[in-house]
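# Survey of secondary and tertiary structure
Each chain is listed here by its residues.
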Amino acid sequence: MLGNFDYHNPTKLYFGEDSLNYLNEELPKYGKNVQLIYGGGSVKKNGIYDSVMEILKKNGKEVFEDGGVMPNPTIEKLREGIRIARENKVDLLIAMGGGSCCDYAKAVSVSVNCDEDPWDKYFIRFEEPQCEIIPVGCILTMAGTGSEMNGGSVITNHEAKLKIGHVFGDNVMPKFSILNPKFTFSLPKRQMVAGIYDIFNHICEQYFSGDDDNTSDYLSEALMKSVVNSSLKAIEDQENYEARSNIMWTATWALNTLIAKGKTTDWMVHMLGQAVGAYTDATHGMTLAAVSLPYYRYIMPYGIAKFARFAKEVWNVNGEGKSDKEIAEEGLAAMEKWMKKIGVTLKISELGVTEDMIEGIAKATIILDGGYKVLTFDEVVKILKESM
Ligand code: NZQ
Ligand code: ZN
């Protein structure tokens, strides 16, 4: 563990079947006006909306609805959310949904009291908020992004063909999050699987960097084993509470800053996936899955010892008498087999990418330098072509 870091996570979590009751404990801490953020309507179908509304009313809150947050929330929708918050002088933003609603709530929270344009300030110039921040609470209905316990907020600008994430500091993280695994039961299987791959890849992004002996890597291996194990049960029976609760808890720990401690971290699969998302609006987890194998096979030689360790520790590859290269290749083959079994998309062409988009997607890919290989533009193009 060679890095220097600080660690503090201010989000209070309530986990389990009874967790929504604890909303009664949180609400009295905030003012009367609540902006209730939700997506395209799943919370109305599965009854979560009614349960939350009842608790808000019982606690004497004035509720201002902000529904229709789309997957991959847009800058236009963000401007609408800021307007609702300003007009109604809201004291608390409650996001009820998946990562899109939680991310969106954070973007609203840092923009309400800020005069500058939020896209330019936070997603182009990557500045930090200087204004007063409206507190956010999350009621999570989809496990994957970790947005319930981190400062991440990803916004899409279709006009500019850009999808960009800003990781805000502790002050923007949700003040509380309610995690009831049963709330995820109504997710369509494709969304559940996309979330599972998102979790797995968040861990990979942090794991595949550095070569010191680091406690974060041992934590990562345990989390990867748990998500693989539970994913196989969840695809057989989506209402397996034990599996779904492990998946939900793993998602939170996969991206709440802990396993990044002491690491430079890679994040290139996300940069590629986000650029694909900017062009196709495809489901986040699927964009990651579709670029992962070509990317990891390409960078493997530059981080061969870590890929061999990944094979042995996560995929139980027997390394006896084999070279690191052979072990590493077996590990990625086992990962591919698992990806096929759970049913993620393995080609960007299946997500709507056409040959003529490749150049633009490559240009929209932000190149980071924390992993085993800093990619050139031509290498990005090559990986995207191999992902077709
Ligand atoms: O909109 P509704 O009707 O609610 O339907 C949603 C949506 O269509 C549906 N859904 C969610 N919970 C459900 C449900 N349907 C039935 N039953 C339920 N219980 O699922 C669909 C996808 O929801 P969404 O919130 O978009 O998914 P996810 O949680 O994967 O969030 C994706 C967004 O998060 C960003 C992504 O880029 C993307 O914009 N990310 C945020 C991160 C962060 N904050 O750290 C990191 C991630 O890497 C990611 O980039
Ligand atoms: Zn992700």
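Residues numbered from 1 in each chain as written. Chains lettered and ligands numbered in written order. Predicted model: local features only at pLDDT ≥ 70, side-chain atom pairs only at ≥ 80, totals over all residues. Heavy atoms only, no water.

## Remarks on the site of ligand 1
Neighbouring ligand 1 are 30 residues; Gly40, Ser42, Gly99, Ser100 and Asp103 lie closest to it. Side-chain polar atom of Ser186 to a nitrogen atom of ligand 1: 2.8 Å apart, as the coordinates give it. Considering ligand 1 on its own, with 960 Å² of exposed area, one finds that the protein chains cover 89% of that surface. Residue assignment for the shell around ligand 1 shows that the elements contributing at least two residues are α5 (99-111), β6 (152-157) and α7 (189-207). When grouped by side-chain class, the residues that make up the shell around ligand 1 number eight nonpolar, 19 polar and three charged. If you count residues domain by domain, the shell around ligand 1 takes at least three from each of domain 1 (12-183) and domain 2 (189-386). (Near = heavy atom within 4 Å. Polar contact = N/O pair within 3.5 Å; in protein donor to acceptor, adjacent residues only side chain to side chain. Areas by Shrake-Rupley, 256 points an atom, 1.4 Å probe, with all protein chains shown as cover. Helix = DSSP H or I, 4+ residues; strand = E, 2+ residues; numbered from the N terminus. Nonpolar A, V, L, I, M, F, W, Y, C, P; charged D, E, K, R; others polar. Domains from an automatic or database assignment.)

## Topic: the nonpolar core
By size, the foremost hydrophobic cluster in this structure holds 110 residues, and its most contacted members are Phe200, Tyr296, Phe310, Met335 and Leu384. Both domains that meet at this core, namely domain 1 (12-183) and domain 2 (189-386), each give it at least three residues. Discounting residues that sit within four places of it in the chain, Phe310 has contacts with Phe200, Cys204, Tyr207, Phe208, Met224, Trp315, Leu332 and Met335. If you look at the next biggest cluster of nonpolar residues, it comprises 23 residues, including Leu27, Val34, Ile55 and Leu56. (Core = buried A, V, L, I, M, F, W, Y, C linked by side-chain atoms within 4.5 Å. Buried < 20%, exposed > 50% of the residue type's maximum accessible area, 1.4 Å probe, protein only. Contact = heavy atoms within 4.5 Å.)

## Examining the pairing of strand β8 (residues 176-179)
Where burial is concerned, the two faces of β8 agree: the one with Phe176 and Ile178 and the one with Ser177 and Leu179 are both buried. Taken together, the four bridges between strand β1 (residues 12-15) and β8 define a ladder with parallel strand orientation. Residue pairing in the sheet places Tyr14 in a bridge with Ile178 of β8. Pairing of strand β5 (residues 136-140) with β8 involves four bridges; the strand directions are parallel. Along β8, the bridge assignment pairs Leu140 with Leu179. (Pairing = 2+ DSSP bridges.)

## Thoughts on the coordination of the zinc ion (ligand 2)
Each pair of donors in an ideal octahedron of six around a metal sits at 90 or 180 degrees, and each pair in an ideal tetrahedron of four sits at 109.5 degrees. Around the zinc ion (ligand 2), the donor atoms from the protein are Asp198 (OD), His202 (NE2), His270 (NE2) and His284 (NE2), and they sit 2.0 to 2.1 Å away. Counting residues between consecutive donors of the zinc ion (ligand 2) along the chain gives the motif D-x3-H-x67-H-x13-H. Here His270 is found in helix α10 (residues 268-280), whereas its partner His284 is found in helix α11 (residues 284-299), with 14 residues between them in sequence. Taken individually, His270 and His284 each receive the classification buried, so the pair is uniform in this respect. (Donors = N, O, S within 2.8 Å, 3.2 Å for Na, K, Ca; no water.)

## A short note on the domain arrangement of the protein
Here the protein is described as being made up of domain 1 (12-183) and domain 2 (189-386). Taken over C-alpha atoms, the centre of domain 1 sits 27 Å from the centre of domain 2. Across the boundary between the two partners, domain 1 contributes 27 residues, which contact 23 residues of domain 2. Summing both partners gives a buried area of about 2200 Å² for domain 1 against domain 2, and 66% of it is carried by carbon and sulfur. For the domain 1 face of the interface with domain 2, the top three residues by lost area are Lys161, Lys163 and Pro181, together amounting to 24%. Counting the contacts that link domain 1 with domain 2 gives six residue pairs in polar contact (both at pLDDT 80 or more). Within the residue set of the side of domain 1 that touches domain 2, elements represented by two or more residues are β1 and β7 (162-167). Broken down by element, the residue count for the side of domain 1 that touches domain 2 peaks at four residues, all from β7. Split into classes, the residues belonging to the side of domain 1 that touches domain 2 amount to 13 nonpolar, nine polar and five charged. (Buried area = accessible area lost by both parts, 1.4 Å probe.)

## Things to note about the environment of Ile84
Mapping Ile84 onto the fold places it in helix α4 (residues 75-87). For Ile84, a relative accessible area of 11% puts it in the buried group. In this structure the C-alpha to C-alpha distance between Ile84 and Ile196, which are 112 residues apart in sequence, comes to 33 Å.

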